[in-house]
Amino acid sequence: MATTAEKLADLQERLDKAQDPGSERARAKRDEAGRSTPRQRIAALLDEGSFVEIGALGKTPGDPEAIYSDGVVTGYGRIDGRPVVVYAHDKTVYGGSVGVAFGRKVAEVMDMAIKIGCPVIGIQDSGGARIQDAVTSLAMYSEIARRQMPLSGRSPQISIMLGKCAGGAVYAPVTTDFVIAVDGETEMYVTGPAVIREVTGEDISSAELGGARQQELNGNISAVVNSEDEAFDLVRDLLEHLPSSCFDPAPVVEAPTDEEVAETRALDTFMPDDTNAGYDMMDLLTQLGDDEDLIEIQENFAPNLICAFGRIDGRTVGFVANQPMHYAGCIDADAADKGARFIRTCDAYNIPVIFVVDTPGYLPGVAQEKEGLIHRGAKLAFAVVEATVPKVALIVRKAYGGAYAVMGSKNLSGDINLAWPTAQIAVMGAAAAVVMIQGKQIAAAPPAQREQMKKLFMDFYDQNMTSPYVAAERGFLDAMIQPRDTRLELRRALRQLADKRDADLPKKHSIAPM
């Protein structure tokens, strides 16, 4: 019979072996590539010394050759003193693929997150399902996926994509709230290049197929950064703007006083005199909140619509803003998808939405119709109405057609609508209206008079139809404001709406557009 000392020594030996249990060859390959271990990654993410591991000695049952950890490191710790659960794939053990012990370990920490209401952070580096485990691997992936639903909208879920990820290792992450990738390191695809080549005959490199920048353009990634350390920094920044659960407030930070933001006179000269001149909407957004620090989501996907977290009055807000630098700020199908998902994310975590409006409408064209702009555009309207958080719209220039409606208008459930005197609100702009209303008359006029007739009509239309005072007179605006007062007016609006309560009619759930 072993002595107590021998039992203690045996435990220590097992724990030591579990620290980096991959084969010597796999570890050497990792080290040569300069890649970090899962425990190093977790240590870089969490508060120093806070990580508590769960299941270090887990392994595939019934297999005498089974390796400790089964390809994943799981546990809990803290970020900025707030509790989180975390798991990190270990590529040196079964390629980080999902087996029975792997699945049970991840399910265990997800269950903990559901119980206590805290974020779940997954560090992904996996080939997907473990082929040799057959249906068991698929069952474990399903166990993980089944827990994502009760967590969704309850506590933040964040995926950090490090290395090559395929199959289930990409399905699970894109179901989470945020997906962060590292340029030159992340690769994501449902089916890898070798299988595609065998099945379809198409020849493509893994980087071309699923590199971070390509998947960003595909709309599958929230943000691309340049290194693992930047990815961990972004996770911490995101969590600083998010609550631990939907039942908790988001962190509140020190903010400038009302006196300090009372007059921002630079805003009075921000808008160009030419109503068709382009400008960078980000230059405006950085002047509306407490500071210039914004976290943009899906920056390079549908860049004609900006979705970003910022702060007003020390509290998190979500900005949804048209970007005149791309498609003149028109809303296309991709932008509608992007905006709808961001608004639903803000709504889930009780984050007010600020719409900053400068859009000539939904993007016209045959290509957009083929891409389903009708139903995808409707999703944006659906998300706006569905959201019960405070919704404030600031119209700074163009607000035309259906795009005006979905950008937080009062009739589509916006709470407070403000406008600058540079605002233009109408069914369409003057250039389109002259064709629709006066097209036949102008065509019938002598050629020498046509340009003059167009100009006269367009001037009349801008004066009488797009003027923001028409909307103000009819009660569709709460206030016309001087640009310099915008920061203070946004604060006042959000303070007034802080205790807003809005409930849907009793039913099981709504049905989103096709």
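Rules used in this analysis
Numbering of residues begins from 1 in every chain and follows the order in which that chain's sequence is written. Given that this is a predicted model, residues contribute local features only at a pLDDT of at least 70 and side-chain atom pairs are listed and counted only at 80 or more, while totals for whole chains, interfaces and linings are drawn from all residues. Hydrogens and water molecules were not included; the side-chain quantities draw on all heavy atoms of the structure. For the exposure calls, accessible area comes from a 1.4 Å probe over protein chains only, and a residue counts as buried if that area is under 20% of its type's maximum, exposed if over 50%, partly exposed in between. The secondary structure listing takes helices from DSSP runs of H or I that are at least 4 residues long and strands from runs of E that are at least 2 residues long, numbered from the N terminus. Two strands qualify as a pair provided that DSSP identifies no fewer than 2 bridges between them. Patch building starts from residues that exceed 30% relative accessible area and form no salt bridge, then joins like charges within 9 Å and nonpolar side chains (Val, Leu, Ile, Met, Phe, Trp, Tyr) within 5 Å. Per-residue accessibility takes into account occlusion by the displayed protein chains alone, with areas from the Shrake-Rupley method and a 1.4 Å probe. By definition, a salt bridge exists where a carboxyl oxygen of Asp or Glu is found within 4 Å of a side-chain nitrogen of Lys or Arg. Only four residue types enter the charge count: Lys and Arg as positive, Asp and Glu as negative, with His and the chain ends excluded. A charged residue contributes its charge at one atom only: NZ of Lys, CZ of Arg, CG of Asp or CD of Glu. Residue contacts follow a heavy-atom distance rule, with two residues in contact if any of their heavy atoms lie within 4.5 Å. UniProt positions are given in the numbering used here, feature names are shortened, and annotations may be inferred rather than shown by experiment. To estimate the expected span of a helix, subtract one from its residue number and multiply by 1.5 Å. Two rings from Phe, Tyr or Trp (for Trp, the six-membered ring) form a pair when their centres sit within 6.5 Å of each other. Planes less than 30 degrees apart are called stacked, planes more than 60 degrees apart edge-to-face, and all others tilted.

(A) View of the pairing of strand β4 (residues 120–124). With 5 of its 5 residues buried, β4 lies for the most part within the structure. Because side chains alternate across β4, one face comprises the buried residues V120, G122 and Q124, and the other comprises I121 and I123, equally buried. By the bridge criterion, 4 bridges tie strand β3 (residues 82–89) to β4 in an arrangement that is parallel. Of the residues in β4, the one forming a bridge with V85 is V120.

(B) Summary view of a negative patch on the surface. Residues D80, D237, E240, D291, E292 and D293 make up a contiguous surface patch of negative charge. By the element assignment, E292 lies in the loop between α12 (281–285) and β10 (295–296). Judged by its relative accessible area of 63%, E292 is exposed.

(C) How the structure looks around the environment of Y76. Note on placement: Y76 falls in strand β2 (residues 72–79). Sequence separation between Y76 and N304 is 228 residues; the distance between their C-alpha atoms is 39 Å. When sequence neighbours within four positions are dropped, the list of residues in contact with Y76 reads S50, F51, V52, I54, V84, V85 and M112.

(D) Structural context of the UniProt feature "domain: CoA carboxyltransferase C-terminal" (unreviewed entry) in the chain. This chain's UniProt record puts "domain: CoA carboxyltransferase C-terminal" (unreviewed entry) on residues 256–500. Helix makes up 41% of residues 256–500 and strand 18%, and the two end C-alpha atoms of the span are 24 Å apart.

(E) Region of interest: helix α13 (residues 333–348). The terminal C-alpha atoms of α13, which comprises 16 residues, lie 23 Å apart, in line with the 22 Å expected from a rise of 1.5 Å per residue. Listed as buried for α13 are A333, A335, A336, K338, G339, A340, F342, I343, T345, C346 and D347. On its buried side, α13 packs onto β7 (178–182), β11 (305–312), β12 (315–322), β13 (353–359), α14 (366–370) and α15 (373–386).

(F) Spatial organisation of the pattern of salt bridges. Taken as a whole, this structure holds 33 salt bridges when the rule is applied. For E228, the salt bridge identified is with R41, shortest N-O distance 3.1 Å. Linking E228 in helix α10 (residues 228–241) with R41 in helix α3 (residues 38–45), this pair joins segments that are 187 residues apart in sequence. We note a salt bridge from E143 to R146, for which the minimum N-O separation is 2.6 Å. Linking E143 with R146, this pair stays in helix α5 (residues 135–151), spanning 3 residues, or about one helical turn.

(G) The packing of aromatic side chains, seen in detail. In this structure the tally under the stated criterion is 3 aromatic pairs. On the numbers, 5.3 Å between centres and 85 degrees between planes, the contact of F270 with Y279 is edge-to-face. Here F270 and Y279 have matching classes, each one buried. Ring centres of F309 and F342 lie 5.0 Å apart, and the angle between their planes is 50 degrees; on these two criteria the pair is classed as tilted. Taken together, the residues span a long stretch of sequence, with F309 in strand β11 and F342 in helix α13 at a distance of 33 residues. F309 sits in the buried class, given a relative accessible area of 0%.

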